[in-house]
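Listed below, chain by chain, are the residues.
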Amino acid sequence: MSTGDSDPGLDAAQLRAELQSVRQEQEAFLRAVSHDLRAPLRHILAYGRLVRELVAESNADAEALEFLDTMAQSGQQLGEMIDGLIVLGRAGLVPLQAQPVPVEAALRSAAAAAIAAAAAAAAAGGAPDPGAPAWPAAVQWRWPGEEGEEGAKGAGTALAVQADPALLGDVLLAVLDNALKFSRPVAHPRIVLAARPLPDGQAEIRVRDNGVGFAPARADQLFGVFQRLHPVSQFKGLGLGLVRARRYVERMGGRIGIDAVPAPPGGCAEGQGCEVRIVLPRA
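Computed from a predicted structure; not experimentally measured.

K.L.:
Hey, could you run me through the overall build of the chain in this one?
P.N.:
Assigned secondary structure in the chain consists of 5 helices and 7 strands. Residue burial in the chain is summarised as follows: out of 283 residues, 35% are buried. For the chain, long-range pairs separated by at least 24 residues make up 69% of all intrachain contacts whose partners lie at least 6 apart in sequence. A total accessible area of about 16000 Å² is found for the chain, and carbon and sulfur atoms account for 57% of it.

Rendered as structure tokens:
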């Protein structure tokens, strides 16, 4: 063997060591950024509350209190954005534990979590409008394998993908959170969940809703950091869920896409909405 030859085992070990070093440096950077950004923000919010108390006690113009409330809300939003960026930055650091995951079980678990979160948000929002259907109990769900437009009964119920259970759960939760959120304005909200094997050894998971939708030409923007296609006053959120979902799906060797049909001006038309497609290796 010549001196120029290298041992593949040593090369692999060196690469693993370098990768671990990079991950440790990135984690240290994220911790530092998190601390250094949060500290001044905590001061701004704390002193803002003190200033508000002083202004309120002085019987100042009510508009001044509104300005301070807006400042506090913006500060809280900035804190949430920092937290979201830290989570996004750690998306590539989470250890990947790929194993066979039954698709229907993963969908049902994520749906239960999304429904619980939507119910808690609805309760925190105060009393609903009189005559409005209970939320999210009003949503009609269709599961993989049920009879209907998605295919024959039983199709996709035994399908499994090779994925990390925790990461796949986070992906499905982000997608279903959006499906519920953007379906709420619809009179008869419906979410259709489907799964099917693909001929290339992959499996496709689809989540379709009949919510408000968006302009199809702007679909790729939804995978950008802090990108929103609806005003925050209409739909709360930071615009990070799908970004994190794409990173997780790509780490698991898959891909994710989204299509939508926008609602017409002046209202939300049922039968339109959004469809998210997730493709992962079949187990």
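K.L.:
Is there a simple way to explain the environment of K181 in this structure?
P.N.:
With respect to the element layout, K181 can be found in helix 4 (residues 165–183). Measuring from C-alpha to C-alpha, the distance between K181 and P136 comes to 9.5 Å, with 45 residues separating the pair along the chain.

K.L.:
Is there a simple way to think about the pairing of strand 5 (residues 202–209) in this case?
P.N.:
A regular strand places its side chains on the two faces of the sheet in alternate fashion. Most of strand 5 sits out of view: 7 of its 8 residues are buried. Bridge count between strand 4 (residues 190–197) and strand 5: 7 bridges; the pairing is antiparallel. When the bridges of strand 5 are listed, I191 appears paired with D209. Connecting the antiparallel pair strand 4 and strand 5 is a turn made up of 4 residues, with G201 showing a positive phi of about 85°. As paired strands, strand 5 and strand 7 (residues 273–281) are joined by 8 bridges and run antiparallel to one another. Paired with Q202 across the two strands is P281, which belongs to strand 7.

K.L.:
Would you mind going over the environment of P197 with me for this structure?
P.N.:
For P197, the position within the fold is in strand 4. Expressed as a C-alpha distance, the spacing of P197 and A160, which sit 37 residues apart in the sequence, is 9.0 Å. P197 has contacts with L159, Q202, A203 and R282, leaving out every residue within four places of it along the chain.

K.L.:
Please clarify how the packing of aromatic side chains should be interpreted in this entry.
P.N.:
Both the distance between ring centres and the angle between the ring planes are used here to describe each pair of aromatic rings. Scanning the model with the defined rule gives 1 aromatic pair in all. Ring geometry for W141 and W143: centres 5.6 Å apart, planes at 15°, overall stacked. Taking the relative accessible area as the measure of exposure, W143 reaches 14% and is therefore buried. A cation over an aromatic ring shows up here: R108 above the ring of W143, its NZ or CZ 4.1 Å from the ring centre.

K.L.:
Even after reading the chapter, I still don't get the sheet that holds strand 5, so can you show me in this structure?
P.N.:
Backbone-to-backbone hydrogen bonds pair the strands of a sheet. The strands run either parallel or antiparallel. A sheet is described by the order of its strands in space; here 5 strands give the open sequence 2-4-5-7-6, paired in mixed fashion. For this open sheet the edge positions go to strand 2 (140–142) and strand 6 (255–261), each flanked by a neighbour on one side alone. Recorded for the sheet is a direction-independent mean angle of 10° between the axes of neighbouring strands. Each of strand 2, strand 4, strand 5 and strand 7 touches helix 4; the most contacted strand, strand 5, lies at about 25° to it.

K.L.:
Could you clarify how one ought to interpret the pattern of salt bridges in this entry?
P.N.:
It is possible for side chains bearing opposite charge to pair when their charged atoms get close. Evaluated as defined, the whole model comprises 7 salt bridges. For the salt bridge of R108 with E104, the shortest nitrogen-to-oxygen distance reads 3.1 Å. Taken together, the residues span about one helical turn, with R108 and E104 both in helix 3 (residues 103–124) at a distance of 4 residues. The partly exposed category is assigned to R108, whose relative accessible area is 37%. A salt bridge links E204 to R206, with the shortest nitrogen-to-oxygen separation between them at 3.4 Å. The exposure class assigned to R206 is buried, which follows from its relative accessible area of 17%. Residues participating in the shared-partner salt-bridge network are R196, E204 and R206.

K.L.:
Can you help me understand the nonpolar core in this one?
P.N.:
With 47 residues, the main nonpolar core has W141, L168, L176, I191, I258 and I278 as its most contacted residues. For this core, the elements supplying multiple residues, two or more each, are helix 3, strand 3 (160–163), helix 4, strand 4, strand 5, helix 5 (241–251), strand 6 and strand 7. Apart from residues no more than four positions distant in its own chain, I278 is found in contact with V171, L172, V175, A203, E204, I205, V249, R255 and I256. Counting 6 residues, the second largest nonpolar core, distinct from the first, contains L30, I82, I86 and L93.

K.L.:
It is not clear to me how the packing of helix 3 against helix 4 should be interpreted in this structure. Could you clarify?
P.N.:
Between two packed helices, what matters for the description is the angle formed by their axes and the separation of those axes. Where helix 3 meets helix 4, the axes come as close as 8 Å, and the angle between the chain directions of the two elements is 50°. By the angle between their axes, helix 3 is oblique relative to helix 4. Where helix 3 crosses over helix 4, the handedness of that crossing is right-handed. Within the contact between the two elements, helix 3 uses A106, L107, A110, A111, A113, A114, I115 and A118 and helix 4 uses L168, G169, L172, L173, L176, D177 and L180. Along the lines of polarity and charge, the residues of the contact of helix 3 with helix 4 split into 13 nonpolar, 1 polar and 1 charged.

K.L.:
In this structure, what is going on with unusual backbone geometry? I would like to understand it.
P.N.:
Where the residue is not glycine, phi is negative for most of them; where a peptide bond is considered, it is trans in most cases. Look at the link from W135 to P136: it is a cis peptide, with omega at 5°. With respect to the element layout, P136 can be found in the loop between helix 3 and strand 2.

Rules and cut-offs
Residues numbered from 1 in each chain as written. Predicted model: local features only at pLDDT ≥ 70, side-chain atom pairs only at ≥ 80, totals over all residues. Heavy atoms only, no water. Helix = DSSP H or I, 4+ residues; strand = E, 2+ residues; numbered from the N terminus. Buried < 20%, exposed > 50% of the residue type's maximum accessible area, 1.4 Å probe, protein only. Contact = heavy atoms within 4.5 Å. Areas by Shrake-Rupley, 256 points an atom, 1.4 Å probe, with all protein chains shown as cover. Pairing = 2+ DSSP bridges. Phe/Tyr/Trp six-rings, centres within 6.5 Å; stacked < 30°, edge-to-face > 60°. Lys NZ or Arg CZ within 6 Å of the ring centre and 35° of its normal. Axes fitted to C-alpha atoms, helices over the stretch in contact; angles between N-to-C directions. Salt bridge = Lys/Arg side-chain N within 4 Å of Asp/Glu carboxyl O. Core = buried A, V, L, I, M, F, W, Y, C linked by side-chain atoms within 4.5 Å. Parallel < 35°, antiparallel > 145°, perpendicular 65-115°, else oblique. Left-handed = near helix turned anticlockwise from the far one by under 90°. Nonpolar A, V, L, I, M, F, W, Y, C, P; charged D, E, K, R; others polar.

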